[in-house]
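# Structure at a glance
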Amino acid sequence: PPSPLAPLPADQPRIRVAVRKRPLNAKERAREEEDVVTVDRRSSTETTSCETRAASRVTVWEPKTKVDLTQYTEEHAFNFDDVFDPEASNDEVYRATIAPLVGTTFDKCKVTCFAYGQTGSGKTYTMTPLPIRAAGEILGELERRRRTGETATAEPAQSLRLHVSFFEIYGGKVYDLLNGRARLVIREDARARRRSSGRRLRGSRGIIARGSANRRGRGGTSTGGTRRNAPRGRRERRRSRAAAKGP
């Protein structure tokens, strides 16, 4: 059977911020621009379940010129929970940031992961493979619990199902990317929790495992040109997954 999911570290904070440094792109290298960002790691701890890389510092070295035309460099240091250098793989990012959180969905916890950055900074490159892998691990855990009869919830393991939704927030409006970009209405319930009305859920194991829901959702996103990266635009896409009781 599949291996159990990685446990949540005892010292895991409620909010963690990780930074991934991207390499210079082809245009920047052609212009012979200098890399002015360095990543400093304080520690590197490897376990069989996840890898914690660089709960440390990112430093930006800003070239400046004084009034008398003397050139100097100003240092700007920023501390984060995790930082990743350009050589870090998507697998390393997943194991350090997402893997410890996947198992908490079986304890009725809510987990959110999002990327923030300017156009061309690598958000799509970093985020695209993460949901597919997380869904695969959740499916593996469901299979493991069905085989062993183990469950940490009130429902039997056989009744747990994985459902997927994929929606986009664009221009202040919300669209269902698994339902032909149908407009969604966001409402607030009596407990001040915001919920979307009419959102389509996908529950097929094959669709989720093959990543076709992810590809279909990505194909329906809006794009807008910018000077930095013409094919992309400002948008926010969210994938919602939860282990829930089935019929």
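Below is a short write-up of the structure.

Scoring rules and cut-offs
- Numbering of residues starts from 1 in each chain and follows the order in which that chain's sequence is written.
- Local features are withheld for residues below a pLDDT of 70 in this predicted model, meaning they are given only at 70 or higher, and side-chain atom pairs are given and counted only at 80 or more; totals for whole chains, interfaces and linings count all residues.
- Heavy atoms from the whole structure form the basis of all side-chain values; hydrogens and water molecules are not counted.
- Pairing between two strands is assigned when DSSP locates at least 2 bridges connecting them.
- Secondary structure counts use DSSP, requiring at least four H or I residues in a row for a helix and at least two E residues in a row for a strand, with both numbered from the N terminus.
- Only centres within 6.5 Å qualify two rings of Phe, Tyr or Trp (six-membered ring in Trp) as a pair; their planes then separate them into stacked at under 30 degrees, edge-to-face at over 60, and tilted for everything else.
- A positively charged side chain is recorded as over a ring if its NZ (Lys) or CZ (Arg) lies within 6 Å of the ring centre. The angle to the ring normal must also be within 35 degrees.
- Here, expected helix span is obtained from the residue count minus one, scaled by 1.5 Å.
- Only protein chains enter the area calculation, which uses a 1.4 Å probe; residues under 20% of their type maximum are buried, those over 50% are exposed, and those in between are partly exposed.
- Note on definitions: a residue-residue contact is assigned when non-hydrogen atoms from the two residues lie within 4.5 Å.
- Any pair of nitrogen or oxygen atoms within 3.5 Å is treated as a polar contact; in protein, a donor-acceptor pairing is required on top of that, and neighbouring residues in sequence qualify only through side-chain atoms on both sides.
- Angles shown run from 0 to 180 degrees and are taken between the N-to-C directions of axes, each axis being a line fitted to C-alpha atoms and, for helices, limited to the stretch in contact.

## As for the pairing of strand β5 (residues 57-65)
Judged from the 4 bridges that link them, strand β2 (residues 37-40) and β5 form a sheet pairing that is antiparallel. When the bridges of β5 are listed, Asp40 appears paired with Arg57. In terms of strand pairing, β5 meets strand β6 (residues 71-79) through 9 bridges, oriented antiparallel. Bridge pairing in β6 places Pro63 opposite Thr73. The antiparallel hairpin formed by β5 and β6 contains 5 residues in its connecting segment, where Leu69 sits at a positive phi of about 70°.

## What about the packing of aromatic side chains?
According to the stated counting rule, one finds 0 aromatic pairs in the structure shown. Lying across the ring of Tyr72, Lys66 places its NZ or CZ 5.5 Å from the centre. The ring of Tyr175 has Arg181 sitting right over it, with the charged end atom 4.2 Å from the ring centre.

## Concerning helix α5 (residues 129-148)
Spanning 20 residues, α5 covers 29 Å between terminal C-alpha atoms, matching the ideal 28 Å at 1.5 Å per step. The set of residues buried in α5 consists of Leu130, Pro131, Ala134, Ala135, Ile138, Leu139, Gly140, Glu141, Leu142, Arg144 and Arg145.

## Observations concerning the environment of Arg20
With respect to the helices and strands, Arg20 occurs in strand β1 (residues 18-20). The sequence separation of Arg20 and Asp85 amounts to 65 residues, and the corresponding C-alpha distance is 6.2 Å. If sequence neighbours within four positions are ignored, Arg20 has contacts with Phe84, Ala88, Ser89, Asn90, Val93, Tyr125 and Thr126. Reaching out from Arg20, the side chain makes a polar contact with the backbone oxygen of Ala88 at a distance of 2.9 Å. Separated by 2.9 Å, the side chains of Arg20 and Thr126 make a polar contact.

## Side note on the side chain of Thr59
Note on placement: Thr59 falls in strand β5. Once residues within four sequence positions are removed from consideration, Thr59 is found in contact with Val36, Val37, Thr38, Asp40, Glu75, His76 and Ala77.

## Some details on the environment of Val17
By the secondary structure assignment, Val17 is in the segment before β1. The sequence separation of Val17 and Thr97 amounts to 80 residues, and the corresponding C-alpha distance is 9.1 Å. Beyond its immediate stretch of four places on either side in the chain, Val17 contacts Phe80, Asp81 and Asp82.

## Observations concerning the environment of Ser3
As for its position among the elements, Ser3 is in the segment before β1. Measuring from C-alpha to C-alpha, the distance between Ser3 and Glu137 comes to 9.3 Å, with 134 residues separating the pair along the chain. Apart from residues no more than four positions distant in its own chain, Ser3 is found in contact with Glu141 and Arg144.

## A look at the sheet that holds β5
The antiparallel open sheet is built from 3 strands, whose spatial order is β2-β5-β6. One side of each edge strand has no neighbouring strand; the edge strands of this open sheet are β2 and β6. Direction aside, the axes of adjacent strands within the sheet are offset by 25° on average.

Geometric values such as these leave the question of function open.
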